[in-house]
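# A look at the structure
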Amino acid sequence: MKNAALRRMAERIGTPLLMATLLSLSAPVVRAAGWNEFGTTAAPVAAVADTIVEPFFAFVLDRAESDSLGIWRGADIAELGRTRGRPSRLPVDRLLTLERRRPLAGSEGRHAGARVRAEWVITFDGPLGFPLPYSILGYHPGSLRVAPSLVLAELAPLDLTLSWRERRQDVRQAVGAVRVFVFERGHVLLDADGVVDRLLGGLLDDSWTVGFVTARDGERRLGVGVMLGRDGRPIYGEFDFARDRIEAHGRPLAGALAGAARRWLDPDHGPLPRPWVEN
(Lines give C-alpha, C1' and ligand atoms only; values in the text may rest on other atoms or scores of the structure.)
Protein backbone atom coordinates (compact mmCIF):
# COMPACT_ATOMS: atom_id res chain seq x y z
CA MET A 1 0.00 0.00 0.00
CA LYS A 2 2.76 2.43 0.89
CA ASN A 3 4.58 1.78 -2.40
CA ALA A 4 1.41 2.35 -4.42
CA ALA A 5 0.71 5.61 -2.59
CA LEU A 6 4.28 6.70 -3.21
CA ARG A 7 3.94 6.07 -6.94
CA ARG A 8 0.70 8.07 -7.10
CA MET A 9 2.27 11.00 -5.28
CA ALA A 10 5.40 10.83 -7.41
CA GLU A 11 3.28 11.04 -10.57
CA ARG A 12 1.87 14.32 -9.29
CA ILE A 13 5.09 15.99 -8.25
CA GLY A 14 7.42 15.11 -11.12
CA THR A 15 11.19 15.35 -11.09
CA PRO A 16 11.93 18.52 -9.04
CA LEU A 17 12.74 16.45 -5.93
CA LEU A 18 16.47 16.24 -6.05
CA MET A 19 17.78 19.44 -4.53
CA ALA A 20 21.44 18.89 -4.04
CA THR A 21 22.22 19.89 -0.50
CA LEU A 22 25.61 21.51 -0.36
CA LEU A 23 24.56 25.16 -0.35
CA SER A 24 21.39 26.29 2.93
CA LEU A 25 20.94 33.50 10.36
CA SER A 26 18.44 35.23 10.78
CA ALA A 27 15.31 34.99 12.93
CA PRO A 28 15.02 32.19 15.48
CA VAL A 29 12.68 29.29 14.82
CA VAL A 30 10.34 27.44 17.11
CA ARG A 31 11.34 23.77 17.29
CA ALA A 32 9.49 20.58 18.07
CA ALA A 33 10.53 16.95 18.10
CA GLY A 34 10.44 15.54 14.59
CA TRP A 35 11.23 12.17 13.04
CA ASN A 36 13.06 11.23 9.90
CA GLU A 37 15.01 8.20 8.74
CA PHE A 38 17.96 9.30 10.86
CA GLY A 39 15.96 9.30 14.11
CA THR A 40 14.30 11.88 16.32
CA THR A 41 15.57 15.40 15.66
CA ALA A 42 14.63 18.99 16.36
CA ALA A 43 12.33 20.00 13.51
CA PRO A 44 11.50 23.65 12.69
CA VAL A 45 7.86 24.67 12.70
CA ALA A 46 6.13 27.97 12.00
CA ALA A 47 9.36 29.28 10.54
CA VAL A 48 9.79 32.90 9.52
CA ALA A 49 10.01 33.20 5.73
CA ASP A 50 13.59 34.49 5.72
CA THR A 51 15.01 32.06 8.27
CA ILE A 52 17.83 29.73 7.22
CA VAL A 53 17.88 26.74 9.54
CA GLU A 54 20.93 24.81 8.30
CA PRO A 55 24.10 26.49 9.71
CA PHE A 56 26.25 25.73 6.64
CA PHE A 57 23.78 27.36 4.26
CA ALA A 58 23.29 30.29 6.65
CA PHE A 59 27.05 30.83 6.91
CA VAL A 60 27.64 30.71 3.15
CA LEU A 61 24.76 32.98 2.19
CA ASP A 62 25.57 35.49 4.90
CA ARG A 63 29.13 35.81 3.54
CA ALA A 64 27.87 36.10 -0.02
CA GLU A 65 25.19 38.68 0.74
CA SER A 66 27.55 40.78 2.88
CA ASP A 67 30.30 40.35 0.25
CA SER A 68 32.76 39.15 2.92
CA LEU A 69 36.14 37.70 2.00
CA GLY A 70 38.14 35.33 4.15
CA ILE A 71 39.07 31.79 5.11
CA TRP A 72 37.02 29.91 7.67
CA ARG A 73 37.12 26.43 9.21
CA GLY A 74 34.54 23.77 9.80
CA ALA A 75 34.80 24.61 13.50
CA ASP A 76 33.43 28.10 12.75
CA ILE A 77 30.30 26.62 11.20
CA ALA A 78 29.95 24.06 13.99
CA GLU A 79 30.13 26.92 16.51
CA LEU A 80 27.38 28.78 14.65
CA GLY A 81 25.24 25.66 14.93
CA ARG A 82 25.89 25.36 18.66
CA THR A 83 25.10 29.04 19.21
CA ARG A 84 21.79 28.67 17.40
CA GLY A 85 20.95 25.34 19.01
CA ARG A 86 20.81 23.63 15.63
CA PRO A 87 23.81 21.43 14.69
CA SER A 88 24.54 21.11 11.00
CA ARG A 89 23.24 18.06 9.17
CA LEU A 90 26.24 18.25 6.86
CA PRO A 91 29.72 16.82 7.60
CA VAL A 92 31.30 20.09 8.74
CA ASP A 93 33.64 18.04 10.96
CA ARG A 94 35.36 16.96 7.71
CA LEU A 95 35.60 20.54 6.42
CA LEU A 96 39.15 21.90 6.60
CA THR A 97 38.71 25.34 5.06
CA LEU A 98 36.03 27.42 3.37
CA GLU A 99 37.42 30.39 1.41
CA ARG A 100 35.72 33.25 -0.40
CA ARG A 101 38.11 35.30 -2.52
CA ARG A 102 38.14 37.66 -5.49
CA PRO A 103 38.79 36.18 -8.95
CA LEU A 104 42.09 36.83 -10.66
CA ALA A 105 42.17 40.14 -12.53
CA GLY A 106 40.94 39.66 -16.07
CA SER A 107 39.03 36.44 -15.33
CA GLU A 108 35.80 38.06 -14.11
CA GLY A 109 34.10 37.69 -17.51
CA ARG A 110 34.68 34.00 -18.11
CA HIS A 111 30.93 33.31 -17.87
CA ALA A 112 29.25 35.13 -20.75
CA GLY A 113 26.62 37.65 -19.75
CA ALA A 114 27.61 37.79 -16.09
CA ARG A 115 30.52 38.88 -13.93
CA VAL A 116 32.25 36.63 -11.42
CA ARG A 117 32.07 38.48 -8.10
CA ALA A 118 33.88 35.88 -6.00
CA GLU A 119 35.28 32.37 -5.95
CA TRP A 120 34.59 29.77 -3.29
CA VAL A 121 37.17 27.12 -2.47
CA ILE A 122 35.92 24.32 -0.22
CA THR A 123 38.45 21.80 1.08
CA PHE A 124 37.65 18.60 2.99
CA ASP A 125 40.03 16.15 4.64
CA GLY A 126 39.38 13.66 1.83
CA PRO A 127 36.64 12.49 -0.56
CA LEU A 128 33.23 12.26 1.09
CA GLY A 129 30.46 9.71 0.84
CA PHE A 130 27.43 9.98 3.11
CA PRO A 131 23.64 9.51 3.04
CA LEU A 132 21.73 12.54 1.83
CA PRO A 133 20.57 13.95 5.17
CA TYR A 134 17.05 14.79 3.95
CA SER A 135 14.15 12.49 3.22
CA ILE A 136 11.86 12.57 0.19
CA LEU A 137 8.32 11.31 0.74
CA GLY A 138 9.59 9.55 3.87
CA TYR A 139 12.26 7.61 1.98
CA HIS A 140 16.05 7.94 2.06
CA PRO A 141 16.82 8.78 -1.59
CA GLY A 142 20.50 7.88 -1.76
CA SER A 143 24.03 9.00 -0.96
CA LEU A 144 26.16 11.98 -1.88
CA ARG A 145 29.70 11.66 -3.21
CA VAL A 146 31.79 14.79 -2.91
CA ALA A 147 35.30 15.56 -4.15
CA PRO A 148 37.89 16.57 -1.53
CA SER A 149 38.20 20.02 -3.12
CA LEU A 150 35.50 22.14 -4.76
CA VAL A 151 35.77 25.46 -6.58
CA LEU A 152 32.65 27.50 -7.37
CA ALA A 153 32.31 30.81 -9.17
CA GLU A 154 29.77 33.12 -7.54
CA LEU A 155 28.24 35.37 -10.19
CA ALA A 156 27.28 38.95 -9.34
CA PRO A 157 23.60 39.24 -8.30
CA LEU A 158 21.06 39.87 -11.03
CA ASP A 159 17.41 40.84 -11.27
CA LEU A 160 15.52 38.56 -13.65
CA THR A 161 12.01 38.31 -15.02
CA LEU A 162 11.04 34.64 -15.25
CA SER A 163 8.34 33.24 -17.50
CA TRP A 164 6.58 29.88 -17.73
CA ARG A 165 3.32 28.23 -18.78
CA GLU A 166 0.86 27.29 -16.07
CA ARG A 167 -2.73 26.13 -16.56
CA ARG A 168 -2.53 27.11 -20.23
CA GLN A 169 -1.52 30.65 -19.40
CA ASP A 170 1.72 32.58 -19.71
CA VAL A 171 3.06 33.66 -16.33
CA ARG A 172 5.78 36.25 -15.75
CA GLN A 173 7.34 37.10 -12.40
CA ALA A 174 10.30 39.22 -11.36
CA VAL A 175 12.81 37.88 -8.84
CA GLY A 176 15.67 39.84 -7.35
CA ALA A 177 19.18 39.24 -6.02
CA VAL A 178 19.65 36.14 -8.18
CA ARG A 179 22.99 34.53 -7.28
CA VAL A 180 24.33 31.69 -9.41
CA PHE A 181 27.04 29.46 -7.94
CA VAL A 182 28.80 27.60 -10.77
CA PHE A 183 30.79 24.42 -10.18
CA GLU A 184 34.14 24.90 -11.90
CA ARG A 185 36.16 22.17 -10.21
CA GLY A 186 35.35 19.03 -8.27
CA HIS A 187 32.02 17.23 -8.09
CA VAL A 188 28.92 16.64 -5.98
CA LEU A 189 26.71 13.80 -7.15
CA LEU A 190 23.75 11.90 -5.81
CA ASP A 191 23.91 8.13 -6.12
CA ALA A 192 20.24 7.19 -6.01
CA ASP A 193 19.22 4.30 -3.78
CA GLY A 194 18.38 1.28 -5.93
CA VAL A 195 15.18 0.35 -4.07
CA VAL A 196 13.76 3.88 -4.15
CA ASP A 197 14.88 4.24 -7.78
CA ARG A 198 12.84 1.17 -8.71
CA LEU A 199 9.81 2.48 -6.77
CA LEU A 200 9.85 5.88 -8.45
CA GLY A 201 11.04 4.75 -11.88
CA GLY A 202 12.00 7.69 -14.07
CA LEU A 203 11.16 10.21 -11.33
CA LEU A 204 14.38 9.50 -9.43
CA ASP A 205 17.79 9.37 -10.99
CA ASP A 206 21.45 9.73 -10.20
CA SER A 207 22.24 13.43 -10.49
CA TRP A 208 25.38 15.45 -11.18
CA THR A 209 25.33 18.95 -9.70
CA VAL A 210 26.31 21.79 -12.05
CA GLY A 211 25.39 24.64 -9.72
CA PHE A 212 23.11 26.28 -7.19
CA VAL A 213 20.91 29.35 -7.42
CA THR A 214 19.44 31.62 -4.76
CA ALA A 215 17.06 34.53 -5.27
CA ARG A 216 14.50 36.74 -3.55
CA ASP A 217 10.78 36.29 -4.12
CA GLY A 218 9.47 39.15 -2.00
CA GLU A 219 10.15 38.21 1.63
CA ARG A 220 11.08 34.66 0.74
CA ARG A 221 14.53 33.44 -0.22
CA LEU A 222 14.55 30.79 -2.97
CA GLY A 223 17.07 27.98 -3.17
CA VAL A 224 17.39 25.73 -6.22
CA GLY A 225 19.87 22.99 -7.08
CA VAL A 226 20.59 22.51 -10.79
CA MET A 227 21.68 19.05 -11.90
CA LEU A 228 22.00 16.66 -14.83
CA GLY A 229 20.92 13.01 -15.01
CA ARG A 230 23.18 10.32 -16.41
CA ASP A 231 21.44 10.66 -19.76
CA GLY A 232 22.01 14.42 -19.74
CA ARG A 233 18.42 15.32 -18.93
CA PRO A 234 17.99 18.48 -16.83
CA ILE A 235 17.02 17.98 -13.19
CA TYR A 236 16.33 20.65 -10.59
CA GLY A 237 15.06 20.73 -7.06
CA GLU A 238 13.80 23.44 -4.74
CA PHE A 239 14.95 23.68 -1.14
CA ASP A 240 12.94 25.39 1.63
CA PHE A 241 15.55 27.15 3.78
CA ALA A 242 13.04 28.12 6.47
CA ARG A 243 11.78 24.56 7.00
CA ASP A 244 15.07 22.87 6.16
CA ARG A 245 13.62 20.44 3.68
CA ILE A 246 13.48 19.46 0.03
CA GLU A 247 10.26 20.75 -1.49
CA ALA A 248 8.26 17.86 -2.84
CA HIS A 249 6.02 19.86 -5.16
CA GLY A 250 8.48 21.56 -7.49
CA ARG A 251 6.89 24.99 -7.96
CA PRO A 252 6.93 26.32 -11.53
CA LEU A 253 8.75 29.42 -10.23
CA ALA A 254 11.67 27.25 -9.08
CA GLY A 255 11.71 25.45 -12.42
CA ALA A 256 11.78 28.74 -14.31
CA LEU A 257 14.66 29.98 -12.13
CA ALA A 258 16.62 26.80 -12.79
CA GLY A 259 15.96 27.12 -16.52
CA ALA A 260 17.13 30.73 -16.60
CA ALA A 261 20.32 29.85 -14.70
CA ARG A 262 21.26 27.04 -17.10
CA ARG A 263 22.71 29.59 -19.53
CA TRP A 264 25.65 29.69 -17.07
CA LEU A 265 25.37 26.07 -15.95
CA ASP A 266 25.91 24.25 -19.22
CA PRO A 267 29.08 22.09 -19.37
CA ASP A 268 28.97 22.22 -23.18
CA HIS A 269 29.26 26.02 -23.26
CA GLY A 270 31.16 27.09 -20.17
CA PRO A 271 34.14 26.33 -17.93
CA LEU A 272 32.46 23.50 -16.02
CA PRO A 273 33.85 20.00 -15.36
CA ARG A 274 32.86 17.22 -17.68
CA PRO A 275 29.80 15.52 -16.12
CA TRP A 276 30.20 12.08 -14.57
CA VAL A 277 33.99 12.28 -14.49
CA GLU A 278 34.90 12.26 -10.80
CA ASN A 279 37.98 14.24 -9.98
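I will try to describe carefully the structure that is included in this document. Since we're looking at a predicted model, the values are computed, not measured.

### As for unusual backbone geometry
Here Arg167, not a glycine, exhibits a phi torsion of approximately 55°, which is positive. With respect to the helices and strands, the residue Arg167 is situated in the loop between β9 (158-166) and β10 (169-185). Its identity as a non-glycine residue notwithstanding, Arg168 has a phi of 65°, on the positive side. Assignment of secondary structure puts Arg168 in the loop between β9 and β10.

### Quick word on the pattern of salt bridges
The tally for this structure, following the rule as stated, stands at 23 salt bridges. Between Asp67 and Arg100 there is a salt bridge whose closest N-O contact spans 2.9 Å. Taken together, the residues Asp67 in the loop between α2 (55-65) and β3 (70-72) and Arg100 in strand β4 (residues 95-101) connect sequence positions 33 residues apart. Asp67 gets classed as partly exposed once you look at its relative accessible area, which sits at 28%. Taking relative accessible area as the criterion, Arg100 reaches 1% and is therefore assigned buried. Between Asp240 and Arg220 there is a salt bridge, with its nearest N and O atoms 3.7 Å apart. Residue Asp240 is located in strand β14 (residues 234-240), and its partner Arg220 is located in strand β13 (residues 220-229); the two are separated by 20 residues in the primary sequence. In this structure Arg220 comes out as partly exposed when scored by relative accessible area, which is 27%. Within this structure, Arg220, Glu238, Asp240, Arg243, Glu247 and Arg251 form a network of salt bridges that share partners.

### A word on the packing of α2 against helix α3 (residues 74-84)
Packed helix pairs are specified by the crossing angle of their axes together with the interaxial distance, meaning the distance between the axes. In contact at an axis separation of 9 Å, α2 and α3 are set at 115° when each is read in the N-to-C sense. Considered as vectors, α2 and α3 are oriented roughly perpendicular to each other. As α2 packs across α3, the resulting crossing turns out to be right-handed. Residues Pro55, Phe56, Ala58 and Phe59 of α2 form the contact with α3, whose participating residues are Asp76, Ile77, Leu80, Gly81 and Arg84. For the contact of α2 with α3, the class distribution of residues is six nonpolar, one polar and two charged.

### Topic: the packing of aromatic side chains
A full pass over the atoms with the stated rule returns eight aromatic pairs. With 6.2 Å between their ring centres and 70° between their planes, Phe56 and Phe57 make a pair best called edge-to-face. Residues Phe56 and Phe57 agree in their burial class; the two are buried. Seen in terms of ring centroids, Phe239 and Phe241 are 5.8 Å apart; in terms of plane orientation they differ by 65°. Their pairing is edge-to-face. When its relative accessible area of 1% is taken as the criterion, Phe239 is described as buried. Judged by its relative accessible area of 4%, Phe241 falls in the buried class. Chaining the aromatic ring pairs together yields one cluster made of Phe56, Phe57, Tyr134, Phe239 and Phe241. Taking NZ or CZ as reference, Arg63 lies 3.7 Å from the ring centre of Phe59, over its face. Against the face of Trp72 rests Arg63, its NZ or CZ located 5.4 Å from the ring centre.

Quick notes on the rules
Residues numbered from 1 in each chain as written. Predicted model: local features only at pLDDT ≥ 70, side-chain atom pairs only at ≥ 80, totals over all residues. Heavy atoms only, no water. Helix = DSSP H or I, 4+ residues; strand = E, 2+ residues; numbered from the N terminus. Salt bridge = Lys/Arg side-chain N within 4 Å of Asp/Glu carboxyl O. Buried < 20%, exposed > 50% of the residue type's maximum accessible area, 1.4 Å probe, protein only. Axes fitted to C-alpha atoms, helices over the stretch in contact; angles between N-to-C directions. Parallel < 35°, antiparallel > 145°, perpendicular 65-115°, else oblique. Left-handed = near helix turned anticlockwise from the far one by under 90°. Contact = heavy atoms within 4.5 Å. Nonpolar A, V, L, I, M, F, W, Y, C, P; charged D, E, K, R; others polar. Phe/Tyr/Trp six-rings, centres within 6.5 Å; stacked < 30°, edge-to-face > 60°. Lys NZ or Arg CZ within 6 Å of the ring centre and 35° of its normal.

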